[in-house]
Number of protein chains: 2
Amino acid sequence: MPDRVVVIGGNAAGMTAASRAKRLAPDLDVTILEASDFISYSICGVPYYLSGQVARHQELIRYTPETLLEERGIRARTGVVAEEVLAGRRRVACREVSAGREFEVEYDKLVIATGYRPRLPSIEGCGLANVFTVSRLEDGLLIGEAIGQSGARSAAIVGAGYIGLMMAHALRQRGLEVLLFDRNSHVFSQLDDEMAELVQGELRRQGVQLHLESEVRALEGEGGAFRAVRVGREQFPADLALVDVGVRPGTGLAEASGIPLGLSGAIDVDDRGQTQLPGIYAAGNCAETRHLVSGKPVFSALGTTAAKQGRAVGENLAGRRSTFSGTLETSIEKVFDLSIARTGLTLRQALRDGFEARAVQISSRDRAVYYPGSAPMHVRLVFEKRNGRLLGGQIVGSDAAAKRIDTLVTALTAGMDLRQLSQLDLAYAPPSGTLWDPILIAANVALRAD
Amino acid sequence: MPDRVVVIGGNAAGMTAASRAKRLAPDLDVTILEASDFISYSICGVPYYLSGQVARHQELIRYTPETLLEERGIRARTGVVAEEVLAGRRRVACREVSAGREFEVEYDKLVIATGYRPRLPSIEGCGLANVFTVSRLEDGLLIGEAIGQSGARSAAIVGAGYIGLMMAHALRQRGLEVLLFDRNSHVFSQLDDEMAELVQGELRRQGVQLHLESEVRALEGEGGAFRAVRVGREQFPADLALVDVGVRPGTGLAEASGIPLGLSGAIDVDDRGQTQLPGIYAAGNCAETRHLVSGKPVFSALGTTAAKQGRAVGENLAGRRSTFSGTLETSIEKVFDLSIARTGLTLRQALRDGFEARAVQISSRDRAVYYPGSAPMHVRLVFEKRNGRLLGGQIVGSDAAAKRIDTLVTALTAGMDLRQLSQLDLAYAPPSGTLWDPILIAANVALRAD
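Undergrad: How should I be thinking about the confidence of the model for chain A in this particular structure?
TA: One rule of thumb: low pLDDT means the predicted coordinates there are not for detailed reading. Put simply, chain A has an average pLDDT of 96, and 100% of its residues get 70 or more. For this predicted complex, the interface confidence score (ipTM) comes to 0.96, while the overall pTM stands at 0.96.

Undergrad: Please clarify how the relation of the copies chain A and chain B should be interpreted in this entry.
TA: Two chain copies, one operation linking them: a rotation about an axis together with a shift along it. Here chain A sits on chain B after a turn of 180° about the axis and a move of 0.0 Å along it, with an RMSD of 0.0 Å. With respect to symmetry, the two chain copies, as superposed, fit the operation of a two-fold axis.

Undergrad: Which parts of the structure should I look at to understand the interface of chain A and chain B?
TA: As a measure of interface size, the accessible area lost when the parts come together is often cited. In this assembly, 63 residues from chain A lie in contact with 64 residues from chain B. Roughly 5500 Å² of surface becomes buried between chain A and chain B when both sides are summed, with 59% attributable to carbon and sulfur atoms. For B:Lys403, the salt bridge is made with A:Asp437, and the minimal N-O distance between the two is 2.7 Å. The tally of links between chain A and chain B comes to 31 residue pairs in polar contact (both at pLDDT 80 or more). Broken down by element, the residue count for the side of chain A that touches chain B peaks at seven residues, all from helix α11 (residues 405-413) of chain A. Its residues assigned to classes, the side of chain A that touches chain B comprises 28 nonpolar, 19 polar and 16 charged.

Undergrad: Sorry if this is basic, but what is going on with the sheet that holds strand β15 (residues 234-237) of chain A here?
TA: Residues and elements named next belong to chain A. The antiparallel open sheet is built from three strands, whose spatial order is β13-β14-β15. Unpaired on one side and paired on the other, β13 (216-222) and β15 mark the two borders of the sheet. Ignoring which end each strand starts from, the neighbouring axes of this sheet average 35° apart. Relative to strand β14 (residues 225-231), β13 is paired through six bridges, and the arrangement is antiparallel. Each residue of the ladder has a partner; that of Glu220, found in β14, is Ala228.

Undergrad: Could you clarify how one ought to interpret a positive patch on the surface in this entry?
TA: All names here are of chain A. A cluster of basic residues, Arg117, Arg119, Arg136 and Arg248, forms a positive patch at the surface. Following the sequence through the fold, Arg248 ends up in strand β17 (residues 247-249). Note on Arg248: relative accessible area 35%, which makes it partly exposed.

Undergrad: What exactly am I supposed to notice about the sheet that holds strand β7 (residues 109-112) of chain B here?
TA: Hydrogen bonds between backbone groups are what pair the strands of a sheet, and the pairing can be parallel or antiparallel. All names here are of chain B. Strand order in this open sheet of five strands is β3-β2-β1-β7-β18, and the pairing throughout is parallel. Edge positions in the sheet fall to β3 (75-78) and β18 (280-282), since each of these pairs with one other strand and no more. Shown here is a sheet whose adjacent strand axes are inclined to one another by a mean of 20°, direction ignored. Bridge analysis of β7 against β18 gives three bridges, and the strand direction is parallel.

Undergrad: In this structure, what is going on with the packing of helix α1 (residues 12-24) of chain B against helix α8 (residues 303-317) of chain B? I would like to understand it.
TA: Helix-helix packing: each pair is described by the crossing angle between the helix axes and the interaxial distance. Residues and elements named next belong to chain B. Direction vectors running N to C along α1 and α8 enclose 30°, while the axes themselves pass 7 Å from each other. Between α1 and α8, the interaxial angle falls into the category roughly parallel. Crossing hand, α1 versus α8: right-handed. From α1, Ala12, Ala13, Thr16, Ala17, Arg20, Ala21 and Leu24 reach across to α8, where they touch Gly303, Ala306, Ala307, Gly310, Arg311, Val313, Gly314, Glu315 and Leu317. Grouping the constituent residues of the contact of α1 with α8 by class yields nine nonpolar, four polar and three charged.

Undergrad: Just to check I follow, could you spell out the nonpolar core for this structure?
TA: General note: in soluble globular proteins, nonpolar side chains tend to be found buried as a group. If you look at the biggest cluster of nonpolar residues, it comprises 82 residues, and the most contacted ones within it are A:Leu381, A:Leu421, B:Leu381 and B:Leu421. What A:Leu421 contacts, discounting residues up to four positions off in sequence, is A:Leu381, A:Leu390, A:Leu408, A:Ala411, A:Ile439, A:Leu440 and A:Ala443.

Undergrad: Any chance you could explain the pattern of salt bridges here in plain terms?
TA: When charged atoms on two side chains of opposite charge get close, those side chains can pair. Residues and elements named next belong to chain A. Counting across every chain of the model gives 55 salt bridges over all chains. Across the pair Glu106 and Arg91 runs a salt bridge, and its minimum N-O distance is 3.8 Å. One end of the pair, Glu106, is in strand β6 (residues 102-106); the other, Arg91, is in strand β5 (residues 91-96), and 15 residues separate them in sequence. According to the relative accessible area criterion, Glu106 is partly exposed, its value standing at 39%. The partly exposed category is assigned to Arg91, whose relative accessible area is 24%.

Undergrad: Can you walk me through the environment of B:Gly127 in this structure?
TA: By the element assignment, B:Gly127 lies in the loop between β8 (116-118) and β9 (131-132). Between the alpha carbons of B:Gly127 and B:Leu219 there is a distance of 9.1 Å; along the sequence they are 92 residues apart.

Undergrad: Could you clarify how one ought to interpret helix α1 (residues 12-24) of chain A in this entry?
TA: Each full turn of the α-helix corresponds to 3.6 residues, which orients residues three or four apart in the same direction. Between its first and last C-alpha, α1(A) extends 18 Å over 13 residues, near the 18 Å set by a 1.5 Å rise per residue. Burial analysis of α1(A) places ten of its 13 residues in the buried class, the great majority of the element. Those residues of α1(A) not exposed but buried are A:Ala13, A:Gly14, A:Met15, A:Thr16, A:Ala17, A:Ala18, A:Ser19, A:Arg20, A:Ala21 and A:Lys22. The inward-facing, buried residues of α1(A) abut β1 (4-8), β2 (29-34), α3 (65-72) and α8 (303-317) of chain A together with α13 (438-449) of chain B.

Conventions we followed
Residues numbered from 1 in each chain as written. Chains lettered and ligands numbered in written order. Predicted model: local features only at pLDDT ≥ 70, side-chain atom pairs only at ≥ 80, totals over all residues. Heavy atoms only, no water. pLDDT = per-residue confidence, 0-100. Least-squares fit on C-alpha atoms with pLDDT ≥ 70 in both. Contact = heavy atoms within 4.5 Å. Buried area = accessible area lost by both parts, 1.4 Å probe. Salt bridge = Lys/Arg side-chain N within 4 Å of Asp/Glu carboxyl O. Polar contact = N/O pair within 3.5 Å; in protein donor to acceptor, adjacent residues only side chain to side chain. Helix = DSSP H or I, 4+ residues; strand = E, 2+ residues; numbered from the N terminus. Nonpolar A, V, L, I, M, F, W, Y, C, P; charged D, E, K, R; others polar. Pairing = 2+ DSSP bridges. Axes fitted to C-alpha atoms, helices over the stretch in contact; angles between N-to-C directions. Patch = residues over 30% accessible without salt bridge, like charges linked within 9 Å, V, L, I, M, F, W, Y side chains within 5 Å. Areas by Shrake-Rupley, 256 points an atom, 1.4 Å probe, with all protein chains shown as cover. Lys, Arg positive; Asp, Glu negative; His and termini not counted. Charge placed at Lys NZ, Arg CZ, Asp CG, Glu CD. Buried < 20%, exposed > 50% of the residue type's maximum accessible area, 1.4 Å probe, protein only. Parallel < 35°, antiparallel > 145°, perpendicular 65-115°, else oblique. Left-handed = near helix turned anticlockwise from the far one by under 90°. Core = buried A, V, L, I, M, F, W, Y, C linked by side-chain atoms within 4.5 Å. Expected span 1.5 Å × (residues − 1).

Shown next as structure tokens:
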């Protein structure tokens with residue numbers, strides 16, 4: 001009888017682990033248990049569904065349970081919550097969301113891929129109707145209905161993080177008034193302030209009502225439905241509220257089952273993705289990983305990291321020996337006409353982590369200045385004072401400019417210093433860049449500052 | 001009295017060397033001698049001038065001799081040919097192009113930055129009117145006049161190299177019929193054939209009459225002006241001809257002056273840019289450099305390499321100790337709606353250089369498939385069989401996709417292998433990429449093939 005693999009969670013990490021295992025070892029009997037109604041979708045695509053750029057939510061879905069079984073030979077059961085792993089008996093205690101029926105599923109090998117959960121602030125009103133978070137495709141559908149059917153015309157966004165910024169963009173594109181609140185002095189704390197200011201300029205230019213240093217004290221309602229955000233004594237009315245005050249690893253199942261967590265609060269795994277319990281793996285945003293610059297254990301909420309972890313676990317399930325080396329917390333997002341990318345440590349993070357660090361920031365162009373469509377491109381490098389080693393980078397500019405963060409990702413991974421960075425033979429043609437690539441300019445400026 | 005620095009050649013390498021030296025050591029007396037009528041222009045911009053995307057040739061010029069003197073304190077004399085370096089007397093024998101007047105210029109330190117020269121095929125008719133090469137801004141002006149004033153409506157391009165392809169694009173955009181001839185079975189030998197085929201498809205889609213395996217035997221004329229290209233016994237009439245059968249280092253002055261050349265045929269320099277003669281530097285396309293993968297001495301015709309060499313020489317002129325480490329021959333160019341990028345070794349080059357190499361090639365998307373504007377992106381990796389070390393890469397896709405070659409440039413510079421490449425934490429958001437970046441997909445495919 002073939003090994004029974006059970007994967008809890010049917011998105012980036014879980015789906016990749018299941019697919020990879022089944023591809024390499026077709027005899028495996030692979031089952032996915034998913035609490036929500038959907039598997040294998042792009043959560044990153046939800047803002048483009050809400051903005052109207054993607055017409056149907058189905059476009060965001062790669063596999064349904066039916067096509068997954070047919071094309072990959074993998075069973076998926078949606079609407080099933082895994083409540084506890086009974087590790088001694090190699091079973092998972094489950095509950096059907098709709099009928100409430102309880103049952104157990106046997107496994108030989110188990111993968112926990114339960115992802116992340118949105119945090120909620122400890123304020124009144126988070127349970128009101130028309131208060132949303134965004135972590136699942138269902139959230140997108142519900143917000144879409146609040147706009148489409150119920151005709152919401154304004155949105156209050158609490159928290160200007162990754163999701164808050166994307167949603168500000170999407171809802172504004174959809175024609176809503178958008179009020180964006182953050183208690184910090186700058187948006188998106190994953191950027192240094194000097195870069196965040198560029199983003200704030202763009203938000204204001206696009207008509208977002210930006211309220212910084214504004215701590216939301218309560219979400220106020222009327223008849224059980226959200227009506228206004230309260231900041232100090234002021235009320236800001238809106239038709240819906242969207243909360244983005246951070247995320248945490250989805251470790252409820254692990255905790256209920258005695259599977260140890262790591263220092264970051266995510267599930268403790270080795271570099272092959274194995275938890276401390278035999279035969280039980282964890283992958284994706286619920287599993288801890290290592291930061292490649294600081295060396296510290298971290299919880300990452302990125303799909304890219306989740307997919308790579310899932311791939312390694314899938315290969316290990318199939319009997320290979322595969323490892324995942326860690327994350328730089330690289331992210332990129334489009335906020336109106338600016339894209340924002342970051343990798344490694346910000347100056348703030350580097351100083352906090354004990355590095356003697358400094359940063360330089362330059363502005364150049366993404367294409368030859370005479371080439372049609374040439375636009376500004378801003379590059380920030382964070383580096384160690386004593387030896388010029390690169391610690392992180394940030395780029396703000398067009399979509400294509402921001403994606404050039406990958407050059408810094410690769411340089412960081414290789415442990416390059418400013419001198420090595422300044423010598424890179426980067427590509428140039430007038431439609432794609434400048435003779436002196438902005439990354440080279442930044443490295444040369446940093447070498448002078450060094 | 002301050003040191004007198006004389007720089008022969010007023011473009012990428014020469015201009016950068018002069019500017020950098022003067023900035024670091026403002027007391028230096030810096031003079032540029034330039035044979036043509038222009039200094040400090042973007043030769044890469046000429047196709048965009050000819051296509052009409054850049055309206056005035058002046059937009060391609062960064063400094064005129066007047067603004068250079070005013071803003072940077074550097075003298076430039078155009079229309080002056082350096083005929084011989086009299087190294088014993090530290091003088092350069094010069095001749096004015098217009099008046100023919102001969103004179104000498106004294107130097108304490110000299111920089112030779114005479115660039116590259118277009119090769120001409122050893123066939124009849126290269127001296128006819130309306131036969132052009134493209135290596136200087138003047139060439140662009142002359143071709144522009146042949147189209148604008150003289151009303152040329154068709155162009156025969158001999159050689160489908162870097163310049164030939166760019167000109168095919170530019171002239172077609174300008175509305176000319178374009179006939180493109182190459183004696184090889186594929187265009188652009190700097191790509192492997194499988195990638196070149198993608199480019200050939202695009203050329204044909206855009207109405208370029210592509211004649212491969214077609215050796216041009218003669219350029220035929222009437223009354224001293226070009227009339228037709230002859231291939232075998234066939235004649236192909238056209239109003240102008242453009243020849244791109246390769247380039248060579250501009251070493252006439254060095255050879256006339258007894259300055260030794262290297263194995264590549266370019267001027268022999270150390271990593272600081274010093275020739276074998278004291279006080280004489282060479283930088284840019286006339287100077288030899290080292291290939292960072294093969295380790296071999298090479299002649300590079302790239303502006304990016306020239307600028308970096310010039311910068312190092314400029315710093316050395318100012319008393320610093322600066323080196324240039326070498327080239328990957330990274331290039332990128334836009335051919336109609338496809339951009340083509342390459343770095344390191346092609347499979348053909350790797351095998352020729354004695355590597356046990358192989359290649360994989362994949363096709364993916366440059367953005368999430370559901371995101372508007374998502375387009376195909378093709379990645380080819382060349383790697384060493386025994387250890388998976390990356391030897392080179394090629395990308396064909398949109399402008400932005402092709403610029404992602406920089407990730408491979410950085411990986412190559414760091415000596416990464418396929419496994420390291422496959423773990424890179426590259427950025428993803430639907431408008432800028434795919435969850436699995438095409439470079440990661442290619443690395444994973446190569447690992448399986450390994």
